[in-house]
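Listed below are the residues making up each chain.
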Amino acid sequence: MKVFPESPSLPVAKIDLSDFGVENQELDLKREDLIHPFISGNKFRKLKYNVSTARNMGKDVLLTFGGAYSNHILAVAAAGKEFGFKTIGIIRGEEVHDKISQNPTLSFSQEYGMQLHFVSRDEYRRKSEKEFVEKLRRRLGDFYLIPEGGTNELAVKGCEEILDPDHKNYDYICVPVGTGGTMAGLIRASGEGQAVLGFSALKGDFHSSEIEKYTSRKNYRITDSYCFGGYGKIDSTLVRFINEFHRKTQIQLDPLYTGKMVYGIVDLLKKEYFNKNSRIFAIHTGGLQGIAGMNKVLLRKKLPIIE
Ligand SMILES: Cc1ncc(COP(=O)(O)O)c(C=O)c1O
């Protein structure tokens, strides 16, 4: 029976930021995106212990929740196919049902064998209620539940493994933030004197209460100043930055998470937020599958696309 591989060792790209208007500063970017083509970046880390626990519990179905362009939905579908589980995705928005063929995330998930169920936004909001989950169990049969975004204690434990002992010499560890689960793992694994800096993909300051569920350490800060207006929102400045970064480094960033983080790091360096000669480490958490769907939206809005 196939199991998740142990933590693979991944390259750290050394990026000279003088190409982006910041002199004498290097950014070290850990290429977690190279872990797996579809169970990429933090998804691999979050699913590793959940998949082994589901197997140990004798479950053969994984059920999870997500939006129409969710990296997590596709990762669960791909993990199910690779590791021998049936998968069910509960998708936000009944109207999305008619758009599966135009949506690369959902059509790939279906190709991987995921059963998709579309629920209204009101119903979707109840995803953490016991009663709602019981109703799903009565309707769809038994399953191992993975929450939206994949964050739970086992996911945070998996995300601790992003940091190796030789990453302890950095001053800052930067990471994109959605639910905060990946960041919680990094905070738990960080060394004395290291600060973890989160770049939120969403507007708001609700993350700290999520992070406090998993760690009492306080060596972190989260900013939503680089969310470009909110989740899923991007503009031509961000698209141009992602394209320029790709041309200069050959590294592809995604528009929802890693593009916003690297843009934010460069901007904070220009504003001298970091102490002089700081050693900065950033995590490329993957999410590249979302580019195809985002380009369709950009084309519709007549904006430049991600090359
Ligand atoms: C590519 C990518 N990076 C970062 C995140 C944020 O991770 P978290 O929800 O653990 O904060 C996500 C979200 O799910 C993601 O898909």
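Everything here concerns the structure above.
1. Some points on the pattern of salt bridges
In the structure shown here, the tally under the stated rule is 25 salt bridges. A salt bridge links Glu-161 to Lys-48; the nearest nitrogen and oxygen atoms lie 2.8 Å apart. Linking Glu-161 in the loop between α6 (153–160) and β7 (172–177) with Lys-48 in helix α1 (residues 42–56), this pair joins segments that are 113 residues apart in sequence. The salt bridge involving Asp-267 is made with Lys-271; its shortest N-O contact spans 2.7 Å. What makes Asp-267 buried here is its relative accessible area of 18%. Salt bridges linked by common partners bring Lys-59, Glu-134, Arg-137 and Asp-142 together as one network.

2. Notes on the packing of helix α9 (residues 236–249) against helix α10 (residues 258–270)
Two elements in contact, α9 and α10, have axes separated by 10 Å at closest approach and are oriented at 90°. Our classification of the angle between α9 and α10 gives roughly perpendicular. Facing α9, whose interface residues are Thr-237, Leu-238, Phe-241, Ile-242 and Phe-245, α10 presents Gly-259, Lys-260, Val-262, Tyr-263 and Val-266. Residues of the contact of α9 with α10, tallied by class, amount to 7 nonpolar, 2 polar and 1 charged.

3. Describing the site of the ligand
Inspection of the region around the ligand gives 15 residues, with Lys-46, Gly-178, Thr-179, Thr-182 and Thr-285 positioned closest. Within the side chain of Asn-71, a nitrogen or oxygen atom sits 2.8 Å from an oxygen atom of the ligand. Between the ligand and Gly-180, the relevant distance is 2.7 Å, taken from an oxygen atom to a main-chain nitrogen or oxygen of the residue. For the ligand, the protein covers 97% of the area, taking 390 Å² as the surface of the free molecule. Those elements that provide at least two residues to the shell around the ligand are α1 and α7 (181–189). Here the shell around the ligand takes 3 residues from α1, the largest share from any one element.

4. Overview of the environment of Asp-254
Along the polypeptide, Asp-254 turns up in the loop between α9 and α10. Residue Asp-254 is classed as buried on the basis of its relative accessible area of 1%. Not counting residues up to four positions away in its chain, the partners in contact with Asp-254 are Ile-242, Gly-259, Gly-286, Gly-287 and Leu-288. A distance of 2.5 Å separates polar atoms of two side chains, one belonging to Asp-254 and the other to Thr-258.

5. Thoughts on the pairing of strand β10 (residues 280–283)
Neither face of β10 is open: one carries Ile-280 and Ala-282, the other Phe-281 and Ile-283, and all of them are buried. Taken together, the 4 bridges between strand β2 (residues 26–30) and β10 define a ladder with parallel strand orientation. The residue bridging Leu-29 from the neighbouring strand is Ala-282, located in β10. Pairing of β7 with β10 involves 3 bridges; the strand directions are parallel. When the sheet's bridge partners are listed, Tyr-172 is paired in β10 with Ile-280.

The rules behind the values
Residues numbered from 1 in each chain as written. Predicted model: local features only at pLDDT ≥ 70, side-chain atom pairs only at ≥ 80, totals over all residues. Heavy atoms only, no water. Salt bridge = Lys/Arg side-chain N within 4 Å of Asp/Glu carboxyl O. Helix = DSSP H or I, 4+ residues; strand = E, 2+ residues; numbered from the N terminus. Buried < 20%, exposed > 50% of the residue type's maximum accessible area, 1.4 Å probe, protein only. Axes fitted to C-alpha atoms, helices over the stretch in contact; angles between N-to-C directions. Parallel < 35°, antiparallel > 145°, perpendicular 65-115°, else oblique. Contact = heavy atoms within 4.5 Å. Nonpolar A, V, L, I, M, F, W, Y, C, P; charged D, E, K, R; others polar. Near = heavy atom within 4 Å. Polar contact = N/O pair within 3.5 Å; in protein donor to acceptor, adjacent residues only side chain to side chain. Areas by Shrake-Rupley, 256 points an atom, 1.4 Å probe, with all protein chains shown as cover. Pairing = 2+ DSSP bridges.

None of this, on its own, says anything about what the molecule does.
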